Amino acid sequence: MFIDDMDPILDRRPSSDLYLPEEDYDSKDALQHRKRLCLSSAEGGDRKSENGFYWTETEKWQSSDEADVEPPLLVFTPNQNPGPQILPNRCSSALQFFQLLFPKSMFQTIAGYTNSYAAKYEERKGKLWNFISQSDMKSYVALVIYMGMFRCSSLSDYWSESQHFSLSFPAKIMSYRKFLSISIVLHLSESREDEKNILKKGTAGYERLGKIQPLYQVIRESCKSYFHPFQNITIVERMVKPQAGTGLKQSLKSRSPNMGFKLFALTDCTCGYTWDFFVYEGKSCASRSEGLSYETVMALVDENMLGSGYKLFVDKFYTSPTLFTDLLDKKVLACGPVWPNRTGYPKSVKNKLLSNAPRGTMRWIRQDKLLFVEWKDSREVQMCSSFHKAYEGDTVQRKVRQDAHRTLEEIPVPAVVLDYSKNMEAVDSSDCVTEHFRAIHKPKKWYQCMFYHFLDIAVENAFIMQELVTKENGKKPLTRKAFLQALILELTDIDSLDSAAVPLSLSSSG
């Protein structure tokens, strides 16, 4: 008993008002809980964390039957009307929506950069380069999208001449040799500017993203110009996996051990539209004071362009009391799961959620403008929010084992958990669909790989805008598959007359 700090004389037991009914006096969790209470009672006083968050030993976690005061919500005042920012009759085809984000002039620009680079590339090998046109570039993009819809084990299989196992479409558009040649020399920047930039390597003037900068900036600006997010937004991480070696490669431990380029994107929770994004260039680009997660959110959440009253949903990587407090100063609300060891997280152990608590048990503490919630599901969940009330009577169904059977039971759930799950599920499902239809060609040059990802973003955003605009006009939008099929035909000018005669409201059954 002396070793366990339970000596009846030397170690006083906490007063009865701190005792929890669900505690088992002999359980290991309860024993550790009482040890912490004894230590906190002995030390006493208010504490201040490194970032200036105060917490007091007299605070205690509240239970779900204790009333919480609902925080005052900010009025949602976006700078523009949420949704597509285009005239209702401006776009009537898949290609017109796509060219809002991937302008027609960009095809000519990329074709020019590719010709310039290819001429030098082929000259070193003693060969002549057959210059490609804007039309060739459009056909090339069409085939890349086509390959994302119909998967083959190798690139040459799309031009297979087998009597029974062949696809006829690619050969109609472009020969295999020409497609492969463009894939090898595809270039997104001026060769002379690249040479100047290489001379600056190792200095502050070196531009690490120089080879993608023209297309990179055009896509980013176009995505923001033709759409304004709805109230609920989130920030997601994406990985682009190249085969080439480069200093920009990163990895996401929670998703894949493979190395690649990391992108941070601000996405609309309502429809999955990618409103803004940037390529992570390394630790040197982040502020050392607050860290990468803080700087990422502050860089993407621009209140001057968005407006006020937005609700940001983020995962544990970003969630911190410091960030949420600073976002409130920008009139942006936020919520998300949080690590208990984050600076500013409540340190009080009074009435804290125990690991052996029944499913559905919750505890909460409100500190100034932030709410902290602990909830027991299959595991413990910790949440932080700047706009939720602790408990609003919501329930969720869970399977509970009773004897040899499992039955569905309604268990209490905090409003912040329910709201977060609902909004993040919409974004996750959108990412999965995008991955299924994304471009599959994987080049060896890193900037070419970024080209295909930018193309994916443009295609997906174009489909989302088509869907929203068509619904707004009271018509039935195209399915994703039908939209991609229409886009491919328009890019290649195949059956252009037939395609133009078919309005977007008539969707394919596929």
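Residues numbered from 1 in each chain as written. Predicted model: local features only at pLDDT ≥ 70, side-chain atom pairs only at ≥ 80, totals over all residues. Heavy atoms only, no water.

### Things to note about unusual backbone geometry
Here is step 1 of the chain: Within the chain, Asn351 stands out as a residue other than glycine whose phi angle is a positive 65°.
Here is step 2 of the chain: Secondary-structure assignment places Asn351 in the loop between β13 (332-337) and β14 (362-367).
Here is step 3 of the chain: Of note, the phi angle at Asp368 is positive, near 60°, even though the residue is not glycine.
Here is step 4 of the chain: Exposure remark for Asp368: the relative accessible area of 73% places this residue in the exposed category. (Helix = DSSP H or I, 4+ residues; strand = E, 2+ residues; numbered from the N terminus. Buried < 20%, exposed > 50% of the residue type's maximum accessible area, 1.4 Å probe, protein only.)

### Some remarks on the pattern of salt bridges
Once the charged atoms of two side chains with opposite charge are near each other, the side chains can pair.
Here is step 1 of the chain: By the definition in use, this model includes 14 salt bridges.
Here is step 2 of the chain: A salt bridge links Glu374 to Lys352; the nearest nitrogen and oxygen atoms lie 2.8 Å apart. Taken as a pair, Glu374 in strand β15 (residues 370-376) and Lys352 in the loop between β13 and β14 lie far apart in primary sequence, 22 residues in all.
Here is step 3 of the chain: Judged by its relative accessible area of 2%, Glu374 is buried.
Here is step 4 of the chain: Salt bridges sharing partners connect three or more residues here, namely Arg220, Glu221, Lys224 and Asp276. (Salt bridge = Lys/Arg side-chain N within 4 Å of Asp/Glu carboxyl O.)

### Quick word on the confidence of the model for the protein
Here is step 1 of the chain: Confidence in the prediction for the protein averages 81 pLDDT; 78% of positions are at 70 or higher.
Here is step 2 of the chain: Here residues 7-28 is modelled with pLDDT under 50, and outside its nearest four sequence neighbours on either side it reaches 33 contacts, counting other chains as well.
Here is step 3 of the chain: Note that pLDDT drops below 50 for residues 496-510; the model gives that stretch 25 contacts with residues more than four away or on any other chain. (pLDDT = per-residue confidence, 0-100. Contact = heavy atoms within 4.5 Å.)

### Things to note about the side chain of Ser386
Here is step 1 of the chain: Position of Ser386 relative to the elements: it lies in the loop between β16 (380-385) and β17 (395-402).
Here is step 2 of the chain: Among the polar contacts listed, one links the side chain of Ser386 to the backbone nitrogen of Ala334, at a separation of 3.0 Å.
Here is step 3 of the chain: Those residues in contact with Ser386 that lie beyond four places of it in its chain are Pro71, Leu328, Leu333, Ala334, Lys369 and Leu370. (Polar contact = N/O pair within 3.5 Å; in protein donor to acceptor, adjacent residues only side chain to side chain.)

### Notes on helix α9 (residues 292-300)
Here is step 1 of the chain: Within α9 the residues assigned to the buried category are Ser293, Tyr294, Thr296, Val297 and Leu300. Buried residues of α9, viewed axially, fall in a sector of 165°; they line one side. (Arc of directions from axis to C-beta.)

### Focus on the packing of helix α4 (residues 134-149) against helix α14 (residues 480-492)
Geometry of a packed helix pair, given as the angle between the helix axes and the separation of the axes.
Here is step 1 of the chain: The N-to-C vectors of α4 and α14 enclose an angle of 155°; their axes lie 8 Å apart at closest approach. Relative to α14, α4 is oriented roughly antiparallel. When you trace α4 past α14, the crossing you get is left-handed. Every residue of α14 that contacts α4 at Lys138, Ser139, Val141, Ala142, Ile145, Tyr146 and Met149 is listed here: Lys481, Leu484, Gln485, Leu487, Ile488, Leu491 and Thr492.
Here is step 2 of the chain: Each residue belonging to the contact of α4 with α14 can be placed in one class, and the counts come to nine nonpolar, three polar and two charged. (Axes fitted to C-alpha atoms, helices over the stretch in contact; angles between N-to-C directions. Parallel < 35°, antiparallel > 145°, perpendicular 65-115°, else oblique. Left-handed = near helix turned anticlockwise from the far one by under 90°. Nonpolar A, V, L, I, M, F, W, Y, C, P; charged D, E, K, R; others polar.)

### A short note on the pairing of β13
Here is step 1 of the chain: In terms of burial, β13 is a largely internal element, six of the six residues being buried.
Here is step 2 of the chain: Of the strand pairs in this sheet, strand β12 (residues 310-313) and β13 are connected by four bridges, and their pairing is parallel. When the sheet's bridge partners are listed, Phe313 is paired in β13 with Cys335.
Here is step 3 of the chain: Note on the crossover from β12 through helix α11 (residues 321-329) to β13: the handedness is right-handed.
Here is step 4 of the chain: As judged from the three bridges shared by β13 and β16, these two strands associate in the antiparallel manner. Paired with Cys335 across the strands is Ser385, a residue of β16. (Pairing = 2+ DSSP bridges. Right-handed = clockwise from strand over helix to strand, strands pointing away.)

### Here we look at the nonpolar core
Here is step 1 of the chain: Counting residues in hydrophobic clusters, the biggest one holds 126 residues, and the most contacted among them are Phe98, Phe102, Tyr140, Ile212, Leu312 and Phe451.
Here is step 2 of the chain: Apart from residues lying up to four places away in sequence, Ile212 is in contact with Leu188, Val279, Trp446, Tyr447, Met450 and Phe454. (Core = buried A, V, L, I, M, F, W, Y, C linked by side-chain atoms within 4.5 Å.)

### Things to note about helix α2 (residues 94-101)
Here is step 1 of the chain: Judged by how many residues are buried, α2 sits mostly within the fold: six of eight residues are covered.
Here is step 2 of the chain: Of all the positions in α2, only Ala94, Leu95, Phe97, Phe98, Leu100 and Leu101 are classed as buried.
Here is step 3 of the chain: Structurally, α2 contributes buried residues whose contacts are with α3 (104-124), α4, α8 (213-225), α13 (446-472) and α14.

### Section: the environment of Glu425
Here is step 1 of the chain: Relative to the helices and strands, Glu425 resides in helix α12 (residues 415-437).
Here is step 2 of the chain: Overall, Glu425 belongs to the exposed group, its relative accessible area being 54%.
Here is step 3 of the chain: Residues Glu425 and Cys269, spaced 156 residues apart in sequence, show a C-alpha to C-alpha distance of 8.7 Å.

### A look at the packing of aromatic side chains
Here is step 1 of the chain: All told, the structure shown has 26 aromatic pairs when counted by the stated rule.
Here is step 2 of the chain: Here the aromatic rings of Phe264 and Phe278 are separated by 5.5 Å at their centres, their planes lie at 35°, and the arrangement is tilted. Separated by 14 residues along the polypeptide, Phe264 in strand β9 (residues 256-268) and Phe278 in strand β10 (residues 274-279) bring together distant segments of the chain.
Here is step 3 of the chain: Measuring from centroid to centroid gives 5.5 Å for Tyr345 and Phe372, while their planes differ by 80°, and the two rings are edge-to-face. (Phe/Tyr/Trp six-rings, centres within 6.5 Å; stacked < 30°, edge-to-face > 60°.)

### Notes on the pairing of strand β7 (residues 232-240)
Here is step 1 of the chain: Burial of β7 is extensive: nine of the nine residues sit out of reach of the surface.
Here is step 2 of the chain: Taking every second residue as pointing to the same face, both faces of β7 are buried, with Asn232, Thr234, Val236, Arg238 and Val240 on one and Ile233, Ile235, Glu237 and Met239 on the other.
Here is step 3 of the chain: For β7 and β12, the ladder comprises three bridges, and the chain directions are parallel. Within the sheet, the bridge partner assigned to Thr234 lies in β12 and is Phe313.

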